[in-house]
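Spelled out from the first residue to the last, the chains are:
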Amino acid sequence: MAAHSFLSRDRAEAGNIVSRLSPENEALAREIIARYPRPKSAVIPLCHLVQEEHGHLTDDGMAHVAELVGVTAAQVQGTASFYEMFKRHETGRYVLGICTNISCLVLGGAELLARAEERLGIRAGSTTADGRVTLEDTECLAACTDAPMCQVNYRYFGQLSDADFDELLDDIASGAIDEVVPAHGTLALVRQHIPDDRVANIGPPEIQVAPQWFTRREAYLAPTDVEGGA
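Cut-offs applied
- Within any chain, residue numbers begin from 1 and follow the written order of that chain's sequence.
- With the structure being a predicted model, the display of local features is reserved for residues of pLDDT at least 70 and the display and counting of side-chain atom pairs for 80 or more, all residues being used for whole-chain, interface and lining totals.
- Calculated side-chain values reflect all of the structure's heavy atoms, with hydrogen atoms and water omitted.
- A fitted line through C-alpha atoms represents every axis, and for helices the fit uses only the stretch in contact; the resulting angles, taken between N-to-C directions, go from 0 to 180 degrees.
- Here a strand is any run of E in DSSP of at least two residues, a helix any run of H or I of at least four, and the numbering for each starts at the N terminus.
- We call a crossing left-handed when the near helix sits turned anticlockwise from the far one by less than a right angle, and right-handed when that turn is clockwise.
- Any two residues whose heavy atoms approach within 4.5 Å at even a single point are treated as in contact.
- The nonpolar class holds Ala, Val, Leu, Ile, Met, Phe, Trp, Tyr, Cys and Pro. Asp, Glu, Lys and Arg form the charged class, and all remaining residues, Gly among them, are polar.
- Here the term buried applies to any residue with accessible area under 20% of the maximum for its type, exposed to any over 50%, and partly exposed to those in between, with areas from a 1.4 Å probe on protein chains only.
- Within 3.5 Å is the distance limit for a polar contact, defined as a pair of N or O atoms, with the added protein rule that one can donate a hydrogen and the other accept it, and that residues adjacent in sequence qualify only through two side-chain atoms.
- At least two DSSP bridges between two strands are required for those strands to pair.
- An expected span of 1.5 Å times one less than the residue number is assigned to each helix.

1. Side note on the packing of helix α3 (residues 43-54) against helix α4 (residues 59-69)
Two numbers describe how α3 lies on α4: the axes approach to 10 Å, and their chain directions differ by 145°. Crossing handedness for the pair α3 and α4: right-handed. Between α3 and α4, the contacting residues are Val43, Leu46, Cys47 and Val50 on the first element and Gly61, Val65, Leu68 and Val69 on the second. Class assignment for the residues of the contact of α3 with α4 results in seven nonpolar, one polar and no charged.

2. As for the environment of Ser81
Residue placement: Ser81 occurs in the loop between α5 (73-80) and β1 (94-99). Residue classification places Ser81 among the exposed residues on the basis of a relative accessible area of 55%. Polar side-chain contacts of Ser81 include one of 3.0 Å to the backbone oxygen of Gly78.

3. A word on the pairing of strand β2 (residues 133-138)
β2 sits mainly inside the fold: five of its six residues count as buried. The sheet contact formed by β1 and β2 spans six bridges and is parallel. Pairing of Gly97 across the sheet is with Glu136, part of β2.

4. Some thoughts on α3
Counted at 1.5 Å a residue, the expected span for α3 with its twelve residues is 16 Å, and the 16 Å between its end C-alpha atoms agrees. Listed as buried for α3 are Val43, Leu46, Cys47, His48, Leu49, Val50, Gln51, Glu52, Glu53 and His54. Taken from the residues just after α3, Gly55 is the one with a positive phi, measuring 90°.

5. Concerning the environment of Ala183
Locating Ala183 in the fold gives a position in the loop between α8 (162-174) and α9 (212-221). The sequence separation of Ala183 and Asn153 amounts to 30 residues, and the corresponding C-alpha distance is 7.2 Å.

6. Examining the sheet that holds β1
Taken in spatial order, the four strands make up an open sheet running β2-β1-β3-β4, and their pairing is mixed. Each of the sheet's edge strands pairs with one partner strand only, and the pair in question is β2 and β4 (155-157). Averaged over all neighbouring strand pairs, the angle between strand axes comes to 25°, with direction disregarded. Relative to strand β3 (residues 150-152), β1 runs antiparallel, the two sharing three bridges. Considered in β3, the bridge of Gly97 is made with Gln151.

What follows is the structure, encoded as structure tokens:
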């Protein structure tokens with residue numbers, strides 16, 4: 001993971017809280033914006049970038065996104081509030097979501113949630129005193145064949161026995177899970193970069209032209225004169 005991903009977290013631990021994007025992530029945000037026909041189309045990926053840096057969506061972070069894409073902070077907040085993955089409040093380093101919908105419920109999901117509450121000493125919707133784990137009672141995770149299951153920072157762990165789940169909690173507590181599950185907010189460990197020669201049709205719709213593949217296809221399908229025809 002790039003070193004800049006947790007710059008603001010490091011600063012916060014040092015007592016200097018910065019809730020806008022760091023200079024490094026602002027440069028990355030501008031790179032992301034350049035991939036879209038209109039800047040405001042980048043609101044969602046930029047919100048993910050803010051959450052990666054701070055662990056949740058800060059007010060200043062959303063205001064910064066608004067400045068970068070040319071909309072209001074209220075518009076950014078209105079978009080972000082639609083998606084459960086965006087957290088408006090501080091969370092633990094790990095968000096542990098346990099599914100209690102029908103398949104998981106039948107196969108022990110509620111018991112896993114109760115087990116987590118007992119082990120962590122908190123109720124669902126709360127964060128441990130050390131700030132490490134936020135526990136959530138989660139709606140269907142769309143992986144019913146792997147019930148009972150949970151997710152840690154949106155990485156799935158399924159077909160969990162009591163022993164499996166205890167081992168998962170132990171790994172979270174010891175830090176062993178850090179090697180496979182990054183802190184909350186980080187969607188991927190590898191950042192996408194698109195070379196300039198692979199970028200196509202970046203511009204407002206009204207000035208876009210047909211891509212080369214479409215032009216070639218139209219030429220191929222166009223009717224041709226048949227020599228000697230009527």
